[in-house]
2 protein chains.
Amino acid sequence: MEAPYEDALAELMISYHELNGTVIDELTEEPSPLEFMRYAARNTPFVVRGAALDWEATQTWSVDYLKAVLGDDPVNIAVTPAGNADAPTPYTHPDGTTSLVFAKPHEEDQPFSSFLDYLIDQEKHRPQRAPAEVRYAQTQNDNLRNEYSLLYPQVPRTIPWARVALGARDADAVNLWIGGARSVTALHRDNYENVYVQIRGRKHFVLLPPACVAAVNEVELRPGRYRRRRGKAEKRDGDGDGEPEPEPEPEPEPEPQVGPDLDPDLDLELELEDGPSVPFAIWDPDKPDVNATRYSRLAQPMRVTLNPGDMLYLPCMWYHKVSQSSSPEGVCIAVNYWYDMEFSGALYPLTTFVRTVAGKTK
Amino acid sequence: MEAPYEDALAELMISYHELNGTVIDELTEEPSPLEFMRYAARNTPFVVRGAALDWEATQTWSVDYLKAVLGDDPVNIAVTPAGNADAPTPYTHPDGTTSLVFAKPHEEDQPFSSFLDYLIDQEKHRPQRAPAEVRYAQTQNDNLRNEYSLLYPQVPRTIPWARVALGARDADAVNLWIGGARSVTALHRDNYENVYVQIRGRKHFVLLPPACVAAVNEVELRPGRYRRRRGKAEKRDGDGDGEPEPEPEPEPEPEPQVGPDLDPDLDLELELEDGPSVPFAIWDPDKPDVNATRYSRLAQPMRVTLNPGDMLYLPCMWYHKVSQSSSPEGVCIAVNYWYDMEFSGALYPLTTFVRTVAGKTK
């Protein structure tokens, strides 16, 4: 890489921050469609404090209420050893070498009430660092209009100012998120315009604009997935032919390599998956010296905490890392609305260009 | 320059055109502020056919009317040998070498009626290629609210949908343009949101988005200006000290080097000016093989002709070349409204980044 291009990427980040500041706009009431469109045009986030305080969901979604509505209905739960669903995670290969993979969670159906009991017990009665598997309802597949449709009538069908401004017929997806303080969503970006609404507990967002792509160290990661341990003969299918491989000579089973506090009795194991690699940011703005690029120090992440009833406009293609705190009842509940982003116009191709140039500087 | 960056610039232009097409949107009525804001957000032009047909200006600005209102009031006129105000123009140095300079017009005050008589005579009674100086009222300094303020009441003070959408108090400038078919505005860009309105005659726009910056061959040009010839002792002040240089040995006076059809008796001479160089596009989409870059062939210029009463939204930072045809009376008259563009947000820094990278490929 030649210096001039580095300079251009650095200038971009510096000028972006100079022109935009690093403090998120806080509105005291919801914007009009036109006011919102000015933010969408600038690809600039804002938070509206208390905008959803009068939502039926905000007023009614106690643990008892949710259990009464959903009971033992099966719900899809993401299970990980340390709250790291869809996150870059060290994987130890059979030969002892280690590399980062994109670790998807183990997914399984659990009765809703049991899931909530486990979550609350872990949140309220277990030490924060006590090792145990982490469960998170986070399917992001329009689950509030499907799996959790009994709860959907308690939130607005759409966010009117977003729908009108974006010329959308409806939200592309409405997602419900139920988890606890152990779950962290790793820094990533979505090709959606996103309105995120906190119902219970708090979410802590770290935000970076697309112009900072050179800071986040986007690399191609092999996909992996946590699985509950099974017999060796069943799980060893390294050549992907659907047949178990011959049992190898006994060797020490590699431990999952996620963090220092894993439960040695956890029955979750990270396995490589076939399929295309996943371009993913491996820089964590909360550990700025790890996996940094030469541009990471120029990034000025924007931080905002959503309290119950707060609403965040998270513009398309913004990198975001999300941590959470649970409510006094021991849950963190949020709803988000995804609207299709605009791929025509200048923003998407220009952002892709910066991403391409940043990728070539490695 | 390494190939990967060329590829990225080429990919940008290709994907921009794929996502946006190359045909301008035609609206049959003016947009609402929100509809306009969607275009501004995409940095995408449109034309509204007939939007200004009911303007008082469109209905009243005959040659007789204009002469009756403005009479012999002095107005600032740009004078060039070939209609090339503010254009890259070959300059022959005293040593015989030639280079492109950014040629500003000679400016002088003329009685309005005389200016119009000259223009109309040239348009209606002289062969198109007959050499003679070209005059154009094109001051672009908010002249309709100043120099031509007697005409200002006949146009709307502002374009309501643009003002409301952009959150502007008022237009930053309202400009009147009066010229003929010999004047061409060279490909350039402005850091303004622009609403351009045709009153008499026609304007022929060639448009290129900011994503095509690598195609337009932006280079640093020395500034120059046309001057009416004066005595040699007066005009030769090559060292810029304000004092004429000693009379040099007689040598052939270099001819202005603009085109093949210059009047040998023209009294206009291009002189270099002191001052910073001007970054300017030297590629002409109508002569695609001249001054081309390796990306020029990927640019797909958008062309649109404005007829009387038509309105064009020309988004900020779009390259535009403008030619014109005169009305049956022999004039081409237009009005444009400049609104401040948005420098915060993503578009300006991302566009600057592409421009920087494109500049480094040379």
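Residues numbered from 1 in each chain as written. Chains lettered and ligands numbered in written order. Predicted model: local features only at pLDDT ≥ 70, side-chain atom pairs only at ≥ 80, totals over all residues. Heavy atoms only, no water.

### Details of the relation of the copies chain B and chain A
Here is step 1: When chain B is fitted onto chain A, the two copies agree to an RMSD of 0.0 Å after a turn of 180° and an axial shift of 0.0 Å. The operation mapping one copy onto its partner corresponds to a two-fold rotation axis. The rotation axis passes nearest to the C-alpha of Ala41(B) in chain B, at a distance of 2.1 Å.
Here is step 2: The share of interface residues of chain B whose copies in chain A are also at the interface is 100%, consistent with both copies meeting through the same surface. (Least-squares fit on C-alpha atoms with pLDDT ≥ 70 in both. Contact = heavy atoms within 4.5 Å.)

### Considering the sheet that holds strand 3 (residues 74–80) of chain B
Strand pairing in a sheet is mediated by backbone hydrogen bonds. Such pairs are either parallel or antiparallel.
Residues and elements named next belong to chain B.
Here is step 1: An order of 6-3-7 is seen for the three strands of this open sheet, with the pairing classed as antiparallel. Unpaired on one side and paired on the other, strand 6 (106–111) and strand 7 (134–136) mark the two borders of the sheet. Averaged over all pairs of adjacent strands, the angle between their axes in this sheet comes to 40°, without regard to strand direction.
Here is step 2: Relative to strand 7, strand 3 runs antiparallel, the two being bridged by three bridges. When the bridges of strand 7 are listed, Val79 appears paired with Arg135.
Here is step 3: In the packing of helix 5 (residues 112–125) onto the sheet, the strands contacted are strand 3, strand 6 and strand 7, and the crossing angle to strand 6 comes to about 110°. (Pairing = 2+ DSSP bridges. Helix = DSSP H or I, 4+ residues; strand = E, 2+ residues; numbered from the N terminus. Axes fitted to C-alpha atoms, helices over the stretch in contact; angles between N-to-C directions.)

### Thoughts on the sheet that holds strand 6 (residues 106–111) of chain A
Residue and element names in this part refer to chain A.
Here is step 1: Taken together, the three strands give an open sheet; going across it, the order is 6-3-7, and neighbouring strands pair in antiparallel fashion. Pairing within the sheet leaves two strands with one partner each, and these edge strands are strand 6 and strand 7 (134–136). When the angles between neighbouring strand axes are averaged without regard to direction, this sheet yields 40°.
Here is step 2: Of the strands in this sheet, strand 3 (74–80), strand 6 and strand 7 touch helix 5 (residues 112–125), which is tilted by about 110° from strand 6.

### Observations regarding empty space enclosed by the protein
Here is step 1: One pass over the structure, following the stated rule, counts four cavities of 30 Å³ or more.
Here is step 2: Quantified by volume, the largest cavity comes out at close to 40 Å³.
Here is step 3: Tallied by class, residues from the lining of the largest cavity come to five nonpolar, four polar and no charged. (1 Å grid on protein atoms, 1.4 Å probe; cavity = no way out; pocket = protein on both sides within 12 Å on 5 of 7 lines; lining within 4 Å. Points joined across faces, edges and corners; volume = space filled by probe spheres on them. Nonpolar A, V, L, I, M, F, W, Y, C, P; charged D, E, K, R; others polar.)

### Describing the packing of helix 4 (residues 63–70) of chain B against helix 5 of chain B
Residue and element names in this part refer to chain B.
Here is step 1: For the pair helix 4 and helix 5, the least separation of the axes is 9 Å and the interaxial angle reads 155°. In this view, helix 4 runs roughly antiparallel relative to helix 5, as classed from their interaxial angle. Counted together, Val63, Leu66, Lys67 and Leu70 of helix 4 and Phe112, Ser113, Leu116, Asp117 and Ile120 of helix 5 form the full contact between these two elements.
Here is step 2: Looking at the contact of helix 4 with helix 5, its residues break down into six nonpolar, one polar and two charged. (Parallel < 35°, antiparallel > 145°, perpendicular 65-115°, else oblique.)

### Re the packing of aromatic side chains
All names here are of chain B.
Here is step 1: Taken as a whole and assessed by the stated rule, the structure comprises 31 aromatic pairs over all chains.
Here is step 2: Each ring, one from Phe46 and one from Trp161, has its centre 5.9 Å from the other, and the planes form 45°; the classification is tilted. A residue pair is termed long-range when its members are at least 10 positions apart, and Phe46 in strand 2 (residues 46–48) and Trp161 in helix 6 (residues 160–166) qualify at 115 residues. Each member of the pair, Phe46 together with Trp161, is buried.
Here is step 3: Their ring planes at 45° and their centres at 6.2 Å tell us that Tyr136 and Trp177 sit as a pair that is tilted. (Phe/Tyr/Trp six-rings, centres within 6.5 Å; stacked < 30°, edge-to-face > 60°. Buried < 20%, exposed > 50% of the residue type's maximum accessible area, 1.4 Å probe, protein only.)

### A closer look at the nonpolar core
Here is a general trend for soluble globular proteins: nonpolar side chains tend to be buried in one another's company.
Here is step 1: In this structure, Trp61(A), Tyr337(A), Trp61(B) and Tyr337(B) are the most contacted members of the largest nonpolar core, which totals 110 residues.
Here is step 2: Dropping the residues within four chain positions of it, Trp61(B) is found in contact with Glu56(B), Leu66(B), Leu144(B), Leu151(B), Gln154(B), Val155(B), Leu176(B), Ile199(B), Arg200(B), Ile333(B) and Val335(B).
Here is step 3: Residues Leu9(A), Ala299(A), Leu12(B) and Tyr295(B) belong to the second largest nonpolar core, which totals 90 residues. (Core = buried A, V, L, I, M, F, W, Y, C linked by side-chain atoms within 4.5 Å.)

### Some words on the interface of chain B and chain A
Here is step 1: On the side of chain A, 41 residues touch chain B, which itself brings 41 residues to the contact.
Here is step 2: Summed over both partners, the interface of chain B with chain A comes to about 3,300 Å²; 74% of that surface belongs to carbon and sulfur atoms.
Here is step 3: Our enumeration of links across chain B and chain A arrives at 10 residue pairs in polar contact (both at pLDDT 80 or more).
Here is step 4: Mapped onto the side of chain B that touches chain A, the elements with two or more residues apiece are helix 1 (3–20), helix 2 (33–42), helix 6 and helix 8 (347–360) of chain B.
Here is step 5: Its residues placed into classes, the side of chain B that touches chain A shows 25 nonpolar, 10 polar and six charged. (Buried area = accessible area lost by both parts, 1.4 Å probe. Polar contact = N/O pair within 3.5 Å; in protein donor to acceptor, adjacent residues only side chain to side chain.)

### Looking at the pairing of strand 12 (residues 218–228) of chain A
Residues and elements named next belong to chain A.
Here is step 1: Direction of pairing for strand 5 (residues 98–104) relative to strand 12: parallel, over a ladder of four bridges. Counterpart to Ala103 in the pairing with strand 12 is Gly224.
Here is step 2: Examined bridge by bridge, strand 12 and strand 14 (residues 278–281) share four bridges and lie antiparallel to one another. Paired with Val219 across the strands is Phe280, a residue of strand 14.
Here is step 3: Bridge count for strand 12 against strand 13 (residues 268–272) is five bridges, and the pairing is antiparallel. By the bridge assignment for strand 13, Arg225 is matched with Glu271.

### Description of the environment of Arg297(A)
Residues and elements named next belong to chain A.
Here is step 1: Here Arg297 shows up in the loop between strand 14 and strand 15 (302–306).
Here is step 2: Assessed through its relative accessible area of 70%, Arg297 is described here as exposed.
Here is step 3: For the pair Arg297 and Thr97, spaced 200 residues apart in sequence, the C-alpha separation works out to 29 Å.

### Things to note about the pattern of salt bridges
Here is step 1: Inspection of every chain in the model, using the stated rule, returns 44 salt bridges over all chains.
Here is step 2: Taking the shortest distance from any N to any O, the salt bridge between Lys67(B) and Asp117(B) comes out at 2.4 Å. One end of the pair, Lys67(B), is in helix 4; the other, Asp117(B), is in helix 5, and 50 residues separate them in sequence.
Here is step 3: Note on Asp117(B): relative accessible area 39%, which makes it partly exposed.
Here is step 4: When salt bridges that share partners are traced, they join Lys104(A), Glu107(A), Arg225(A), Arg227(A), Glu271(A) and Glu273(A) into one network. (Salt bridge = Lys/Arg side-chain N within 4 Å of Asp/Glu carboxyl O.)

### Some remarks on the environment of Ser114(B)
Here is step 1: Here Ser114(B) lies in helix 5.
Here is step 2: The class of Ser114(B) is partly exposed, set by a relative accessible area of 36%.

### Brief notes about helix 2 (residues 33–42) of chain A
Here is step 1: Within the span of helix 2 of chain A, buried status applies to Leu34(A), Phe36(A), Met37(A), Tyr39(A), Ala40(A) and Arg42(A).
Here is step 2: At the C-terminal side of helix 2 of chain A, Asn43(A) shows a positive phi close to 55°.

### Regarding the packing of helix 8 (residues 347–360) of chain A against helix 8 of chain B
Here is step 1: Direction vectors running N to C along helix 8 of chain A and helix 8 of chain B enclose 50°, while the axes themselves pass 10 Å from each other. Between helix 8 of chain A and helix 8 of chain B, the crossing angle belongs to the class labelled oblique. Where helix 8 of chain A crosses over helix 8 of chain B, the handedness of that crossing is left-handed. Contacts between helix 8 of chain A and helix 8 of chain B involve Leu347(A), Leu350(A), Thr351(A), Phe353(A), Val354(A) and Val357(A) from the former and Leu347(B), Leu350(B), Thr351(B), Phe353(B), Val354(B) and Val357(B) from the latter.
Here is step 2: Looking at the contact of helix 8 of chain A with helix 8 of chain B residue by residue, the classes come out as 10 nonpolar, two polar and no charged. (Left-handed = near helix turned anticlockwise from the far one by under 90°.)

### A look at the side chain of Arg228(A)
Here is step 1: Tracing the chain through its elements places Arg228(A) in strand 12.
Here is step 2: Setting aside anything within four residues of it in sequence, one finds Arg228(A) in contact with Val79(A), His106(A), Glu108(A), Gln110(A), Glu133(A), Asp267(A) and Leu268(A).

### A short note on the confidence of the model for chain A
Residue and element names in this part refer to chain A.
Here is step 1: Of all residues in chain A, 88% have pLDDT values of 70 or greater, and the mean over the chain is 90.
Here is step 2: Within the model, pLDDT remains below 50 along residues 231–260, and this stretch shows 37 contacts once partners closer than five positions in the same chain are excluded.
Here is step 3: Across the predicted assembly, pTM comes out at 0.89 and ipTM at 0.88. (pLDDT = per-residue confidence, 0-100.)

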